[in-house]
Amino acid sequence: MFKHPFSFEGRIRRTEFGLSLIMYYVAIIALVFVEESTGNNGFTFIGYIPAFWFMLAQGTRRCHDRGNHGGWQLIPFYVFWMLFAEGEPKSNQYGPDPKGRTDLLDELLAEEPRQEPVQL
């Protein structure tokens, strides 16, 4: 879990996306608290940039798991679909299934052909 959290490539499961969402909101609340207690808006603004990048990357990867382009996360209320809908089984154009589900045909094609000796 959380391999390359700032990368936009690959797929993630619902669990990782949900945990990412919780971490994002905790970080934003902490930044707002620091901002209000210190009164320094310029310094805390720098903290919003990596938090936003993190959530944008995680949302894109979750969209990939659903078989959609990352821009779909900009649709209002699509976050609920990303949280509760199952990802595409097997590999898709964005990468292998994060749950490890494969098709028997995929496994057979991935194996190297075996050369058995000919018996006479």
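Our structure is the block above this text.
Residues numbered from 1 in each chain as written. Predicted model: local features only at pLDDT ≥ 70, side-chain atom pairs only at ≥ 80, totals over all residues. Heavy atoms only, no water.

**Student:** Is there a simple way to think about a nonpolar patch on the surface in this case?
**Tutor:** A cluster of nonpolar residues, Met 1, Leu 19, Ile 22 and Val 26, forms a patch on the protein surface that exposes about 400 Å² of accessible area. Take Met 1: it is sitting in the segment before α1 (14-38). (Patch = residues over 30% accessible without salt bridge, like charges linked within 9 Å, V, L, I, M, F, W, Y side chains within 5 Å. Areas by Shrake-Rupley, 256 points an atom, 1.4 Å probe, with all protein chains shown as cover. Salt bridge = Lys/Arg side-chain N within 4 Å of Asp/Glu carboxyl O. Helix = DSSP H or I, 4+ residues; strand = E, 2+ residues; numbered from the N terminus.)

**Student:** Would you explain the packing of α1 against helix α2 (residues 41-65) in this entry?
**Tutor:** Packed helix pairs are characterised by how far apart their axes lie and by the angle those axes make with each other. Between α1 and α2, the shortest axis-to-axis distance is 10 Å and the interhelical angle comes to 170 degrees. Viewed along their axes, α1 and α2 adopt a mutual orientation that is roughly antiparallel. Contacts between α1 and α2 involve Arg 14, Glu 16, Phe 17, Ser 20, Leu 21, Met 23, Tyr 24, Ile 28, Leu 31, Val 32, Val 34 and Glu 35 from the former and Asn 41, Thr 44, Gly 47, Tyr 48, Ala 51, Phe 52, Phe 54, Met 55, Gln 58, Gly 59, Arg 61 and Arg 62 from the latter. Residue composition of the contact of α1 with α2, by class: 13 nonpolar, 6 polar and 5 charged. (Axes fitted to C-alpha atoms, helices over the stretch in contact; angles between N-to-C directions. Parallel < 35°, antiparallel > 145°, perpendicular 65-115°, else oblique. Contact = heavy atoms within 4.5 Å. Nonpolar A, V, L, I, M, F, W, Y, C, P; charged D, E, K, R; others polar.)

**Student:** Would you mind showing me how to read α1 here?
**Tutor:** Spacing of three or four residues puts side chains on the same side of an α-helix, whose turn is 3.6 residues. Given a rise of 1.5 Å per residue, 25 residues ought to cover 36 Å, and the 36 Å separating the end C-alpha atoms of α1 matches this to within 8%. Among all positions in α1, only Glu 16, Phe 17, Gly 18, Ser 20, Leu 21, Tyr 24, Ile 28 and Leu 31 are buried. Gly 39 occupies a position one or two residues after α1 and carries a positive phi of about 75 degrees. (Expected span 1.5 Å × (residues − 1). Buried < 20%, exposed > 50% of the residue type's maximum accessible area, 1.4 Å probe, protein only.)

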